[in-house]
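Residues per chain are reported as follows:
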Amino acid sequence: GLLISNTYGTPDWLKHGARTEFYIKTGLVILGAEIIFSSIQKFGLYGLAIAWGVTPVVIIFMWFFGTRILKMTNKPLIITVATATSVCGVSAAIAAAASSRAKKEDLTIAVGMSLLFTVIMMITMPIFIKMVGMPEVLGGAWMGGTIDATGAVVLAGETLGKQAEAVAAIVKMIQNILIGVVAFFIALYWVTVVERDPNAPRPGLSEIWLRFPKFILGFVAASILVSYVAIPLMEEDTVRGLLKQTKNYRGWLFCMAFISIGLESNFKDMAKQMAGGKTLILYVVGQSFNLVLTLFIAWLVLSGVIFPPPPVL
């Protein structure tokens with residue numbers, strides 16, 4: 001997509017098929033079906049403390065770092081990058097961009113950096129964990145809370161062992177649930193604070209509903225439907241077999257979405273957004289903070305200091 005867009009140029013007839021948001025939003029609803037609550041319950045409070053305890057802190061830290069320290073004026077870009085970094089990469093970036101009405105260029109930059117660093121972290125983190133002799137469960141939880149893409153998390157966890165793979169996947173799934181919560185609060189904050197006109201009447205709930213990305217409701221509904229309706233009716237093994245097929249469809253939808261992002265992206269426009277390197281600094285500093293904080297919280301939760309030792313998965 002990038003090759004076509006930045007050489008020959010995206011032809012008009014092809015632009016009609018480059019429906020980035022449609023492909024990703026549909027894929028996200030399917031992703032919701034893959035989040036089965038029975039799997040999450042096995043790691044229960046451990047995963048909740050790691051995934052939900054760190055994510056809001058990282059978003060707030062990156063927001064203040066971008067607006068106060070780096071003095072960046074593009075607030076939709078800041079919140080999109082912050083959400084992509086702290087939640088789950090591309091999926092979270094789409095939700096945040098929709099809630100803050102970010103430009104396509106902002107979304108492209110956030111997605112691009114997320115994908116690049118996902119590959120780097122997917123390769124280097126397992127190597128580092130093995131080098132320092134970190135326990136398998138702790139390493140899996142650390143990767144699950146910091147590597148952006150769910151697929152990359154599973155692959156990275158697999159290199160450490162079955163325990164690491166299971167823990168990493170569960171922490172990431174618990175973190176994925178926050179997509180809807182974060183999107184709602186971004187929409188709320190944007191309407192009531194960022195875009196609020198002091199001379200205008202205070203916006204009502206209708207404006208927040210208008211801004212809220214509706215596909216998140218499909219994401220949550222799919223998860224509830226599979227967890228509490230499909231599994232009791234058809235048994236978990238049968239449902240998981242069906243989800244393997246829907247996962248393929250989700251993969252193709254995301255593939256089409258990335259092609260569309262490339263077709264709609266221009267390096268010259270992206271270079272303007274990266275002027276001064278502040279966006280890259282925002283991501284690197286935010287991700288570094290995320291890595292340190294997640295490791296500390298994961299160690300605190302899994303070491304037996306607060307909770308009993310975690311169960312074998």
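Summary of the structure given here. (Residues numbered from 1 in each chain as written. Predicted model: local features only at pLDDT ≥ 70, side-chain atom pairs only at ≥ 80, totals over all residues. Heavy atoms only, no water.)

**Considerations on the overall build of the protein**
Within the protein, the secondary structure is distributed over 16 helices and 0 strands. Here the protein, with 313 residues, has 49% of them falling under the buried criterion. For the protein, contacts bridging at least 24 residues in sequence account for 80% of all contacts bridging at least 6. Accessible surface, the protein as shown: approximately 15100 Å² in total, 70% of it carbon and sulfur. (Helix = DSSP H or I, 4+ residues; strand = E, 2+ residues; numbered from the N terminus. Buried < 20%, exposed > 50% of the residue type's maximum accessible area, 1.4 Å probe, protein only. Contact = heavy atoms within 4.5 Å. Areas by Shrake-Rupley, 256 points an atom, 1.4 Å probe, with all protein chains shown as cover.)

**A short note on the nonpolar core**
Ranked by internal contacts, the top residues of the largest apolar core, which has 78 residues, are Ile24, Val81, Ile147, Leu282 and Leu302. With residues up to four places along the chain from it excluded, the contact list for leucine 282 reads Met62, Phe65, Gly66, Leu70, Met72, Ile78 and Val81. Counting 7 residues, the second-largest nonpolar core is a separate cluster that includes Ala33, Ala222, Val226 and Ile231. (Core = buried A, V, L, I, M, F, W, Y, C linked by side-chain atoms within 4.5 Å.)

**Notes on the pattern of salt bridges**
Scanning the entire structure with this criterion turns up 1 salt bridge. The partner of lysine 15 in a salt bridge is aspartate 12, and the shortest N-O contact between them spans 3.7 Å. Linking lysine 15 with aspartate 12, this pair stays in helix α2 (residues 12-15), spanning 3 residues, or about one helical turn. (Salt bridge = Lys/Arg side-chain N within 4 Å of Asp/Glu carboxyl O.)

**Looking at the side chain of glutamine 287**
If you trace the backbone, glutamine 287 turns up in helix α16 (residues 278-302). When neighbours within four sequence positions are excluded, glutamine 287 is seen to be in contact with Thr85, Met121, Thr146 and Asp148.

**Section: a nonpolar patch on the surface**
Where nonpolar side chains cluster on the molecular surface, the patch consists of Val220, Ile224, Leu225, Tyr228, Val229, Leu233, Met234 and Leu242 and spans about 770 Å² of accessible area. Here leucine 233 is to be found in helix α13 (residues 215-234). (Patch = residues over 30% accessible without salt bridge, like charges linked within 9 Å, V, L, I, M, F, W, Y side chains within 5 Å.)

**Some words on the packing of helix α6 (residues 90-100) against helix α7 (residues 104-132)**
Direction vectors running N to C along α6 and α7 enclose 165°, while the axes themselves pass 9 Å from each other. One finds that α6 runs roughly antiparallel with respect to α7. Considering only the axes of α6 and α7, their crossing is right-handed. Each of Val90, Ala93, Ile94 and Ala97 in α6 lies in contact with α7, whose residues at this interface are Leu107, Val111, Ser114 and Leu115. Of the residues assigned to the contact of α6 with α7, the class counts are 7 nonpolar, 1 polar and no charged. (Axes fitted to C-alpha atoms, helices over the stretch in contact; angles between N-to-C directions. Parallel < 35°, antiparallel > 145°, perpendicular 65-115°, else oblique. Left-handed = near helix turned anticlockwise from the far one by under 90°. Nonpolar A, V, L, I, M, F, W, Y, C, P; charged D, E, K, R; others polar.)

**Side note on the packing of aromatic side chains**
In the structure shown here, the tally under the stated rule is 9 aromatic pairs. Joined through ring pairs, the aromatic side chains of Phe61, Phe65 and Phe289 make up one cluster. Against the face of phenylalanine 22 rests arginine 19, its NZ or CZ located 4.6 Å from the ring centre. (Phe/Tyr/Trp six-rings, centres within 6.5 Å; stacked < 30°, edge-to-face > 60°. Lys NZ or Arg CZ within 6 Å of the ring centre and 35° of its normal.)

**Here we look at the packing of α6 against helix α11 (residues 178-194)**
Between α6 and α11, the shortest axis-to-axis distance is 8 Å and the interhelical angle comes to 25°. Viewed along their axes, α6 and α11 adopt a mutual orientation that is roughly parallel. Crossing handedness for the pair α6 and α11: right-handed. On the side of α6, the interface is formed by Ser91, Ala95, Ala96, Ser99 and Ser100, while α11 contributes Ile179, Ala183, Ile186, Ala187 and Trp190. Class assignment for the residues of the contact of α6 with α11 results in 7 nonpolar, 3 polar and no charged.

**Focus: the environment of glycine 27**
Positionally, glycine 27 belongs in helix α3 (residues 20-34). Of the residues examined, glycine 27 reaches a relative accessible area of 0% and is grouped as buried. The spatial distance from the C-alpha of glycine 27 to the C-alpha of serine 91 is 9.0 Å, given a sequence separation of 64 residues.

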